[in-house]
Amino acid sequence: MKNTFYLSGMFAGGFIWDRAQPLIEAENHKVLLPALCEISGKLDELMEEISAEIRAFNDPVTLISNSLGSYIALSMAKTLPEHVEKVIISGSAGFQDVKLPVAMNRRNPRPAAEALISLIFHDKARVEQRYIDMVIDCFEDNFMSILRLMNESNKSANAGEVMRDVRCPIQAIWGGQDVITPLSSALEAFTECEVQTSIVRQCGHSPMCELPEDFSSLVNGRLTRNVEELDLLSYGRVVNA
């Protein structure tokens, strides 16, 4: 890879790439530092902002992404095909409605933010406390923007439909214990679009943050002991049995 551009999720900023990005083999790296909710509470404004970032590259770019950032990365590959040479997605929004089993209180969003940590990370002991605190603070500080993005994403984001019009390669790297965007919701679309798919075992919604060595090895085209590369047709039969 020559150019890589890293997109994080709705309420976790560019820090999620701190440990994985140095292990990824590319000539040029650029990380979108703010969490998406800090940029805007509207999908179309996020698309416009990120489109400008991608157009600024002199050569085609590989988009490496997580969560809502993955849905946006797929959309960029569809709308800017001459600028995007590959998309790597993880925990992407847009395959089913995201309904977080936590109580949302506009006057006091911090308890919801703290409860989300156990949903995002399968084993939060793997993640530095300062990163966990940053997720909680971002959620609390941008609560209304997050609610708007969640509602709009659930209403209008259809990742499977977008993927059908993407012409560059797509690679999916999923946490095996992702309960926010479970892999099972994306299997049909991945099979239809022949997406190269791998599972990082014992990992939650953000493998680049929780198990960065395994995530970066997959980006670099290598398997590790903690990774399973899927035969999607066979895996789908097991899941649906």
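Our subject in this report is the structure included herewith. Please read these numbers as outputs of a predicted model, since none were measured by experiment. (Residues numbered from 1 in each chain as written. Predicted model: local features only at pLDDT ≥ 70, side-chain atom pairs only at ≥ 80, totals over all residues. Heavy atoms only, no water.)

### Concerning the environment of Glu27
Reasoning step 1: Here Glu27 is to be found in the loop between strand S1 (3-7) and strand S2 (28-31).
Reasoning step 2: When its relative accessible area of 58% is taken as the criterion, Glu27 is described as exposed.
Reasoning step 3: With 40 residues separating them along the chain, Glu27 and Ser67 place their C-alpha atoms 25 Å apart.
Reasoning step 4: Glu27 has contacts with Met1 and Lys2, leaving out every residue within four places of it along the chain. (Helix = DSSP H or I, 4+ residues; strand = E, 2+ residues; numbered from the N terminus. Buried < 20%, exposed > 50% of the residue type's maximum accessible area, 1.4 Å probe, protein only. Contact = heavy atoms within 4.5 Å.)

### Quick word on the pattern of salt bridges
Reasoning step 1: This structure, assessed with the given rule, holds eleven salt bridges.
Reasoning step 2: In this structure, Glu25 engages Arg222 in a salt bridge whose closest nitrogen and oxygen atoms are separated by 3.2 Å. Of this pair, Glu25 sits in the loop between S1 and S2 while Arg222 sits in the loop between helix H10 (212-219) and strand S7 (227-229), and the two are 197 residues apart along the sequence.
Reasoning step 3: The class for Glu25 is partly exposed, based on a relative accessible area of 44%. (Salt bridge = Lys/Arg side-chain N within 4 Å of Asp/Glu carboxyl O.)

### What about the packing of helix H2 (residues 43-55) against helix H3 (residues 68-79)?
Reasoning step 1: The interhelical angle for the contact between H2 and H3, taken along N-to-C directions, is 60°, at an axis separation of 10 Å. In this structure, H2 meets H3 at a crossing whose hand is right-handed. Contact residues: Leu43, Leu46, Met47, Ile50, Ser51 and Ile54 in H2; Leu68, Tyr71, Ile72, Ser75 and Met76 in H3.
Reasoning step 2: Of the residues assigned to the contact of H2 with H3, the class counts are nine nonpolar, two polar and no charged. (Axes fitted to C-alpha atoms, helices over the stretch in contact; angles between N-to-C directions. Left-handed = near helix turned anticlockwise from the far one by under 90°. Nonpolar A, V, L, I, M, F, W, Y, C, P; charged D, E, K, R; others polar.)

### Details of the sheet that holds S1
Reasoning step 1: Strand order in the open sheet formed by seven strands is S2-S1-S3-S4-S5-S6-S7, with mixed pairing between adjacent strands. Single-partner strands in this sheet number two, and they are S2 and S7. Here the strands of the sheet are splayed against their neighbours by 20° on average, with no regard to which way each runs.
Reasoning step 2: Pairing of strand S6 (residues 196-200) with S7, which is carried by three bridges, proceeds in the antiparallel orientation. (Pairing = 2+ DSSP bridges.)

### Digging into the nonpolar core
Reasoning step 1: By size, the foremost hydrophobic cluster in this structure holds 88 residues, and its most contacted members are Phe11, Leu68 and Phe190.
Reasoning step 2: If you tally residues by element for this core, the top one is H3, at seven residues.
Reasoning step 3: Once residues within four sequence positions are removed from consideration, Phe11 is found in contact with Ala35, Cys37, Leu116, Ile120, Val135, Cys138, Phe139, Ile146 and Met150. (Core = buried A, V, L, I, M, F, W, Y, C linked by side-chain atoms within 4.5 Å.)

### Topic: helix H5 (residues 129-141)
Reasoning step 1: When the terminal C-alpha atoms of H5 are compared, their 18 Å separation across 13 residues agrees well with the 18 Å that a helix rising 1.5 Å per residue should span.
Reasoning step 2: Buried within H5 are the following residues: Tyr131, Ile132, Val135, Ile136, Cys138 and Phe139. Down the axis of H5, the smallest arc covering the buried residues is 165°, so these residues share one side.
Reasoning step 3: Close packing links the buried residues of H5 with helix H1 (36-39), helix H4 (110-120) and helix H6 (143-156). (Expected span 1.5 Å × (residues − 1). Arc of directions from axis to C-beta.)

### Regarding the side chain of Ser216
Reasoning step 1: Secondary-structure assignment places Ser216 in helix H10.
Reasoning step 2: A polar side-chain atom of Ser216 sits 2.9 Å from the main-chain carbonyl oxygen of Pro212.
Reasoning step 3: Not counting residues within four places of it along the chain, the set of residues in contact with Ser216 comprises Ala20, Leu23 and Ile24. (Polar contact = N/O pair within 3.5 Å; in protein donor to acceptor, adjacent residues only side chain to side chain.)

### Points about the pairing of strand S5 (residues 170-175)
Reasoning step 1: Of all six residues making up S5, six are buried, and the element is well covered by its neighbours.
Reasoning step 2: Burial along S5 is two-sided: the face carrying Ile170, Ala172 and Trp174 and the face carrying Gln171, Ile173 and Gly175 are both buried.
Reasoning step 3: Note that strand S4 (residues 84-89) and S5 share three bridges and pair parallel. What sits directly across from Ile89, in S5, is Ala172.
Reasoning step 4: Pairing between S5 and S6: five bridges, direction parallel. Its bridge partner being in S6, Gly175 is matched across the sheet by Val200.
Reasoning step 5: After leaving S5, the chain enters helix H8 (residues 187-193) and then returns to the sheet as S6, a path that is right-handed. (Right-handed = clockwise from strand over helix to strand, strands pointing away.)

### Focus on the packing of H2 against H6
Reasoning step 1: It is the contact of H2 with H6, at a shortest axis distance of 10 Å, that shows an interaxial angle of 90°. By the angle class used here, H2 and H6 are roughly perpendicular. Residues Leu43, Asp44 and Leu46 of H2 form the contact with H6, whose participating residues are Leu149, Glu152, Ser153 and Ser156.
Reasoning step 2: Residues belonging to the contact of H2 with H6 are distributed by class as follows: three nonpolar, two polar and two charged. (Parallel < 35°, antiparallel > 145°, perpendicular 65-115°, else oblique.)

Read these as layout, nothing more, since geometry by itself doesn't imply function.
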